[in-house]
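Residue-level structural notes
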Amino acid sequence: MRSHYCGEITEQLVDQTVTFCGWVHRRRDHGGVIFLDVRDREGLVQVVFDPDTVDAFNTADSVRSEFVVQITGRVRARPAGSENDNMTTGKIEILGKEINILNKANTPPFPLDEYSPVGEDVRLKYRYMDLRRDEMQHNLRFRHKVTTQIRNILDQQGFLDIETPILTRATPEGARDYLVPSRTHQGSFFALPQSPQLFKQLLMVSGFDRYYQIAKCFRDEDLRADRQPEFTQIDMEASFIEEKDIMGAAETMIKDIFKQQMDIDLGEFPHMPYSEAMSRFGSDKPDLRIPMELVDVAEFLQDIEFKVFAGPAKDPKGRVAALKVPGGAELSRKQIDEYTKYVGIYGAKGLAWIKVNEIEKGVEGLQSPIIKFIGDDNTMKIMEKIDAKNGDIVFFGADKETIVNEALGALRVKLGLDLNMLTREWAPLWVVDFPMFEETSEGGLTAIHHPFTAPSCSPEELKANPATALSRAYDMVLNGTELGGGSIRIHDQEMQKTVFEILNISEEEQREKFGFLLDALQFGAPPHGGLAFGLDRLIMLMTGAESIREVIAFPKTQSAACVMTAAPGEVPAKNLREVGIQLRAKETK
Ligand code: ASP
């Protein structure tokens, strides 16, 4: 139907006759001459219809935005002065000879030829229109380029692309499962995989040695910002390897992608133990572009009367930390109130502060509502420890360690961004030496990574000190976002059972849920490990998109629904009967 894409028609084709197809981006009537901008995935081209080609002129006059047209015409140079250097086709225009309307279009729900501040719900409802926009076309093409490069890199390194099932049994990664009722086994359910974890491990037991997959994963998580119930991982696993091998392969891959797609050198990735990341940055995914750190100050506050500080300072599970913000003394009362509200989201009950006006005057040169509770001496010792300078503001967190880390960690990032403190554009690192387990709110233990992660110790040591045991897990972090993570796995049945026991999974439940894995570990499982990257996040960071929905063709909303297809939807009673399901009456609120 066409000789060229619209966006490919350049001055090299002057005087030639071309045929192209696309959407009417814009129609203008310039006193007797009709101008159409026609768009396809390669770009826009300008077409002019003169009244002397009567039929074509009349048809061109009748088209509206987003009509689908086929046009034949002659390429000519634009008149001097009307070139557009921002467009590949900006030096030429087409003198339209024939125009054929291939399809009409209703008035678009939002204009595509200019910026329009339309709500995301409308964009998602008419996603097929939204995807016509330049930015979305760019994002998805960029994503394609990255996945193509990933496939090439991994193929060259001997990784085999092997598909794993979508209808399966639960693969725990810490979220709820999406369930699919079985018609042929009534009362039984498949779970959609939270990741291909167990299957990729079994592929190692089968001897494939190196596996990868660009895999859909499904997690029914509580509504958290910028998560998708289905998302894509670059999933990898390899046998007869140690941490350095798989981390090295993954790091090289990410560096190559940044180099080829964006000409950016990420440099060597530093390694940071989890405990250091938490104590210095309050986060296991520290944003190292921001030059501020949390500093422990409990030592000065244990013996004061003021319970808000003294309590956590004395509590082994508490923390009192200071965050020094250079230049922050300029923050207004109102701004401080807003930051106080912000840390409240993370459970902090308040946000104490000291402004440093003239440090050479001692406490006289400080301004704060809390010095009277801390005492002059202690205050000055704290100022010395954190090396306070004039113009700083110092914020304090005092609470359970987890709350202080979360609140001050998040505040550090927010202030860093608000006050334009970023020291560089890209800051990658590996976080290593994670604990095996963390405490649940009920007092039990849960796996920090997943229960198939190998500990750095023997089963006996693990049993003796589960709460302090470290794992062989690693996370790759970029600009404060976890890009991916993985671990060396347990390949020994005894160790796997020990971990299940510590997680309070009974012998019976172990057999029922993971019997196939425990069996496989007894049939010659090689040492193995791997990791997975979040593809959507990676593309989001690389394109600078504001949310992962901007780099997914058909994403779900924040409430895990698709407004375009109206999924999830009700199903006819007959279909429910077939799978043996009877709905309960809806709970009335
Ligand atoms: N399956 C893990 C995850 O989805 C990644 C890995 O351990 O390879 O987080």
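All values derive from a computational prediction rather than experimental measurement.

Scanning the chain for helices and strands turns up 17 helices and 22 strands. The C-alpha extent of the chain, read off along each of the three principal axes, is 95 × 70 × 55 Å. Buried positions account for 48% of the 589 residues belonging to the chain. Expressed as a percentage of contacts within the chain between residues at least 6 apart in sequence, the contacts between residues at least 24 apart total 68%. Of the accessible surface of the chain, which amounts to about 29600 Å², a share of 50% is contributed by carbon and sulfur atoms. Side-chain charges of the chain comprise 70 positive and 91 negative groups, with the mean position of each set lying 4 Å from the other.

In this section: the site of the ligand. Taken together, 14 residues form the shell around the ligand, and within it Glu173, Gln197, Lys200, Arg219 and Arg489 come nearest. Contacts to the ligand include Ser195, whose side-chain N or O atom sits 3.3 Å from a nitrogen atom. The separation between an oxygen atom of the ligand and a polar side-chain atom of Arg489 is 2.7 Å. Protein burial of the ligand: of its 270 Å² of free accessible surface, 92% is covered by the chains. At the level of secondary structure, the elements contributing two or more residues to the shell around the ligand comprise helix H5 (197-205), strand E21 (481-488) and strand E22 (528-534). Among the residues making up the shell around the ligand, the classes are represented as two nonpolar, eight polar and four charged.

With that out of the way, let us pick up the packing of H5 against helix H15 (residues 507-520). Put simply, H5 and H15 touch, their axes get as near as 10 Å, and they point 20° apart. Taken together, the axes of H5 and H15 lie roughly parallel to each other. H5 and H15 meet at a crossing whose hand is left-handed. Within the contact between the two elements, H5 uses Leu198, Leu202 and Val205 and H15 uses Phe514, Phe516, Leu517 and Ala520. For the contact of H5 with H15, the residue count by class is seven nonpolar, no polar and no charged.

Turning to the sheet that holds strand E16 (residues 393-400), a few remarks are in order. With antiparallel pairing, the five strands of this open sheet are ordered in space as E12-E13-E16-E14-E15. Where the open sheet ends on each side, the last strands, each with one partner, are strand E12 (294-296) and strand E15 (366-367). In this structure, strand E13 (residues 318-325) lies alongside E16, joined through eight bridges in antiparallel fashion. Across the sheet, residue Arg319 finds its bridge partner in E16, namely Asp399. In the packing of helix H12 (residues 401-418) onto the sheet, the strands contacted are E12, E13 and E16, and the crossing angle to E16 comes to about 155°.

For the rest of this paragraph, the subject is the side chain of Asn139. In this fold, Asn139 is placed in helix H4 (residues 134-156). For Asn139, a relative accessible area of 4% gives the class buried. Excluding its chain neighbours within four sequence positions, the residues that come into contact with Asn139 are Ile539, Thr543, Ala545, Glu550 and Val551.

Further remarks concern the side chain of Thr379. Take Thr379: it is sitting in helix H11 (residues 376-385). Not counting residues up to four positions away in its chain, the partners in contact with Thr379 are Ile354, Val363, Leu366, Ile371 and Ile374.

Quick look at the nonpolar core now. One finds Met236, Met253, Phe258, Trp430, Leu462 and Phe533 to be the most contacted residues of the largest nonpolar core, which totals 64 residues. Of the residues forming this core, the biggest block, seven residues, is contributed by helix H6 (residues 243-262). Once residues within four sequence positions are removed from consideration, Met236 is found in contact with Leu154, Phe159, Lys200, Tyr211, Tyr212, Ile246, Met253, Arg489, Gly530, Leu531 and Phe533. Residues Val297, Leu301, Ile371 and Val394 belong to the second largest nonpolar core, which totals 26 residues.

This part is about unusual backbone geometry. Pro568 follows Ala567 through a cis peptide bond whose omega is -5°. Phi angles above zero are rare outside glycine, and Asp209 is one such case at about 70°. Owing to a relative accessible area of 31%, Asp209 belongs among the partly exposed residues under this scheme. At Asn479, a position not held by glycine, the phi torsion is positive, near 50°.

Before going further, it helps to spend a moment on the pairing of strand E4 (residues 68-77). Successive side chains on a regular strand alternate, one facing one side of the sheet and the next facing the other. Two elements, strand E1 (residues 17-29) and E4, share seven bridges in a ladder whose sense is antiparallel. Residue Trp23 lies in a different strand from E4, and its bridge partner there is Val68.

Tallying each qualifying case throughout the model produces 51 salt bridges. Between Asp61 and Arg27 there is a salt bridge whose closest N-O contact spans 2.9 Å. Of the two residues, Asp61 is situated in helix H1 (residues 54-62) and Arg27 in strand E1; the sequence distance between them amounts to 34 residues. By relative accessible area, Arg27 is classed as partly exposed at 27%. Across the pair Lys574 and Glu578 runs a salt bridge, and its minimum N-O distance is 3.6 Å. In this pair, Lys574 and Glu578 are both assigned in helix H17 (residues 573-578), four residues apart and thus about one turn of the helix distant. Residue Glu578 is classed as partly exposed on the basis of its relative accessible area of 37%. When salt bridges with common partners are traced through the structure, they connect Arg123, Arg127, Asp130, Arg133, Glu135 and Glu550 into a single cluster.

The strand order around the closed barrel formed by five strands is E1-E2-E3-E5-E4, and the pairing between neighbours is mixed. With direction set aside, neighbouring strand axes in the sheet form an average angle of 55°. In this fold H1 packs onto E1, strand E2 (34-40), strand E3 (43-49) and strand E5 (92-103), with an angle of close to 70° to the strand it touches most, E5.

Here we come to the state of the cysteines. As enumerated under the stated definition, the model contains zero disulfides in all. No disulfide involves Cys217; its sulfur sits 19 Å from the nearest other cysteine sulfur, which is in Cys562.

Right, let's get into the packing of aromatic side chains. Scanning all chains against the criterion turns up eleven aromatic pairs. Seen in terms of ring centroids, Phe258 and Trp426 are 5.1 Å apart; in terms of plane orientation they differ by 75°. Their pairing is edge-to-face. Of this pair, Phe258 sits in helix H6 while Trp426 is found in the loop between H12 and strand E17 (428-432), placing the two residues 168 residues apart along the sequence. The exposure classification of Phe258 matches that of Trp426, with both residues buried. Ring centres 5.9 Å apart and planes at 45° place the aromatic pair Phe309 and Phe396 in the tilted group. Here the residue Phe309 occupies a position in helix H8 (residues 307-314), and Phe396 occupies one in strand E16, the gap between them amounting to 87 residues. Look at Phe309 and you get buried, because its relative accessible area is 3%. Accessibility expressed as a relative area gives 2% for Phe396, which makes it buried.

About the criteria used
Residues numbered from 1 in each chain as written. Predicted model: local features only at pLDDT ≥ 70, side-chain atom pairs only at ≥ 80, totals over all residues. Heavy atoms only, no water. Helix = DSSP H or I, 4+ residues; strand = E, 2+ residues; numbered from the N terminus. Buried < 20%, exposed > 50% of the residue type's maximum accessible area, 1.4 Å probe, protein only. Contact = heavy atoms within 4.5 Å. Areas by Shrake-Rupley, 256 points an atom, 1.4 Å probe, with all protein chains shown as cover. Lys, Arg positive; Asp, Glu negative; His and termini not counted. Charge placed at Lys NZ, Arg CZ, Asp CG, Glu CD. Near = heavy atom within 4 Å. Polar contact = N/O pair within 3.5 Å; in protein donor to acceptor, adjacent residues only side chain to side chain. Nonpolar A, V, L, I, M, F, W, Y, C, P; charged D, E, K, R; others polar. Axes fitted to C-alpha atoms, helices over the stretch in contact; angles between N-to-C directions. Parallel < 35°, antiparallel > 145°, perpendicular 65-115°, else oblique. Left-handed = near helix turned anticlockwise from the far one by under 90°. Pairing = 2+ DSSP bridges. Core = buried A, V, L, I, M, F, W, Y, C linked by side-chain atoms within 4.5 Å. Salt bridge = Lys/Arg side-chain N within 4 Å of Asp/Glu carboxyl O. Disulfide = S-S within 2.5 Å. Phe/Tyr/Trp six-rings, centres within 6.5 Å; stacked < 30°, edge-to-face > 60°.

Don't take any of this as a statement about function, it's just geometry.
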